Structure formats: structure tokens, C-alpha cells
Amino acid sequence: MGMSSFQRPSPDDGSASSGPAASTPSTRRKGSVVLRRGQATGAQADSILLDDHGSGAFTHTDPWRVLRIQSEFVEGFGALAELGPAISVFGSARTARESRYYAMGEEVGRLLVQAGFAVITGGGPGTMEAANKGACEEGGISVGLGIELPFEAGMNEWVDLGVNFRYFFARKTMFVKYASGFVVLPGGYGTLDELFEAMTLVQTQKVTSFPIVLVGVDYWGPLLDWLRATLVAEGTIAEKDLSLVQLVDTAEEAVRIMTTSAGSPGDA
């Protein structure tokens, strides 16, 4: 005979049992959490959800933020999963369109597409816009990974595939996960943040075979000199750590390194 749907439950399923506080459930499950004795009392999650018709304050709690963070990863993975070979291009949002670095960004975007890569930027103005423009005008895939900031107006017009993020760390994961290398044009704090995070990931072997190219000898040379004269001299990094980046002065050199180190998609 099959088990009756009214069969008495065993003590392990959260029903009352002998032991401490026998008048109340001695064991209760709350999702993946097991609660016993005094911890087993309290309202059920379902009742809290269904009975609360008032404040929207729960949308500002950490558990709710976890769901938002999860949704950003899901959206990013879904949007970029079939992107194909790509290179992330970083640089300042403040670069003027008349700047030689803007022109260099356009050239980087154009040459990367010619080499068979999609181009990923932060989606903003300045150098990011330049690289997206070069990629778009060359007929390639132009990607922007935007971030919610108080002083930026959103995606530039040259982005064909754009994803907006609330959280820097989710966005930066996408820059690394879906790129085969980084081209770094002159920029400020944000560019430095992305540069040193990439260097740390390569140094700690979190990512492998990941070329990082700095474009602009006059701009980046003093930074590398400081790293050598101060950090290497003090022993806080090793001399070999400086080889994690390569310094060039033209878009052609940068893209040549990408196609050599990251592998040319056209050769696949």
C-alpha cells in the first residue's frame, strides 16, 4: 500500500518532537538554513512577504541588493555570451574630440575590427566614444558597458550593444571575462583602476595569456618609471611584474600585440 498523504511526519521534518522547548518546533528549515530550539521561532518567510503591504524599504536591504547584483551578472552574461573574440579599450571620458588621443582611440577601434575583434568600452564619452566610433564605422561589433554615475549622460551614440550596470565590480567582471586583452589609452582614476586590476589578475594568475598594452609613451612612461624606481626598489613588486604591460606609441603597435598575444580571430 502507498504512503497515506496523512501519515504522521517524522521529527526531522520540522514538526514538534521531544527535547528542549517541546511545545514549539524544535527544528525548522528556512531555505538552506537550519534553525533549532530558540532560533526556530518567528514568522515564516512567506507570511512576511504576503502580509507586508506597506513600506518599500525592503528594496534597500542587502538581500535585495544581492538579487540586483545577481541580475546584473545574468544580464551581462546573457548579452555577451556569443560576442566572440573581443578586446576591451579603456581611456578617459574627458578626452576632447579634437585631442590626438581621441583620434588614436578611433584608430584602435578601427584596426581591432579589421583584425577580427569586437570592441568593448565603458560606453561613455571621450576615448571610449572614439573606440566605439572606430569600431562602428568599420562595420564591427561595438559594445558599451555603462555604469550609473552622477556626471555621465549614458551610452555614446556609437554603441551597438550596450549593457548598463549599477555596480562597478559586476561591470569589471564583464570587461575581463569577455575580452582577450586590454588596450589602455590615457585616462584618469577609472582608467588606472581598470589597469591595475587587470595587472593584478594577471600577476596572480587569475587570468592567463592576457596582453595589456598602454598607448602613449609620454603619458604612461612616467608611471612605469615610478613603478620601477619606487615599488621595485622597495621590493613591493618584482622587476618581472613590469613585464605585465607593454608600452607603445601607436594604434598599429597596440593592435599588432593584441593579434600576436591574444591570437588573431582571422587565423582561427
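Above this text sits the structure in question.
Read on for an overview of the structure.

What counts, and where the lines are drawn
- Residues numbered from 1 in each chain as written.
- Predicted model: local features only at pLDDT ≥ 70, side-chain atom pairs only at ≥ 80, totals over all residues.
- Heavy atoms only, no water.
- Helix = DSSP H or I, 4+ residues; strand = E, 2+ residues; numbered from the N terminus.
- Expected span 1.5 Å × (residues − 1).
- Bend = angle between axes of the 7 residues up to and from the residue.
- Buried < 20%, exposed > 50% of the residue type's maximum accessible area, 1.4 Å probe, protein only.
- Contact = heavy atoms within 4.5 Å.
- 1 Å grid on protein atoms, 1.4 Å probe; cavity = no way out; pocket = protein on both sides within 12 Å on 5 of 7 lines; lining within 4 Å.
- Points joined across faces, edges and corners; volume = space filled by probe spheres on them.
- Nonpolar A, V, L, I, M, F, W, Y, C, P; charged D, E, K, R; others polar.
- Pairing = 2+ DSSP bridges.
- Right-handed = clockwise from strand over helix to strand, strands pointing away.

1. Regarding helix α7 (residues 217-234)
And then number 1: Over its 18 residues, α7 extends 24 Å from the first C-alpha to the last, a length consistent with the 26 Å expected when each residue adds 1.5 Å.
And then number 2: Helix geometry: α7 is bent most strongly at L227, by close to 25 degrees.
And then number 3: Three or more residues of α7 are buried, namely W220, G221, L223, L224, L227, L231 and V232.
And then number 4: Buried residues belonging to α7 abut β7 (182-184), α6 (189-203), β8 (212-215) and β9 (246-248).
And then number 5: Positive phi shows up at G235, right after α7, with a value of about 80 degrees.

2. Brief notes about empty space enclosed by the protein
And then number 1: Enumeration over the complete set of coordinates arrives at 1 cavity of 30 Å³ or more.
And then number 2: Here the largest cavity defines a volume of roughly 40 Å³.
And then number 3: If you go around the largest cavity, the residues you meet are F90, K172, F175, V176, F182, E194, E197 and A198.
And then number 4: The set of elements that each furnish at least two residues to the lining of the largest cavity consists of α5 (168-177) and α6.
And then number 5: Across the lining of the largest cavity, the residue classes tally to 5 nonpolar, no polar and 3 charged.

3. A look at the pairing of strand β4 (residues 118-121)
Along any regular strand the residues' side chains alternate between the sheet's two faces.
And then number 1: Residues A118 and I120 line one face of β4 and the alternating positions V119 and T121 line the opposite face, and both faces are buried.
And then number 2: Strand direction decides the pairing type here: strand β3 (residues 86-90) and β4, joined by 3 bridges, are parallel. Pairing of S88 across the sheet is with I120, part of β4.
And then number 3: Read as a crossover between parallel neighbours, the route from β3 over helix α3 (residues 100-114) to β4 is right-handed.
And then number 4: Both β4 and strand β5 (residues 142-147) contribute to a ladder of 3 bridges, which runs parallel. From the neighbouring strand, V119 faces β5, where its bridge partner is S142.
And then number 5: The β-α-β motif built from β4, the intervening helix α4 (residues 127-137) and the parallel element β5 has right-handed crossover chirality.

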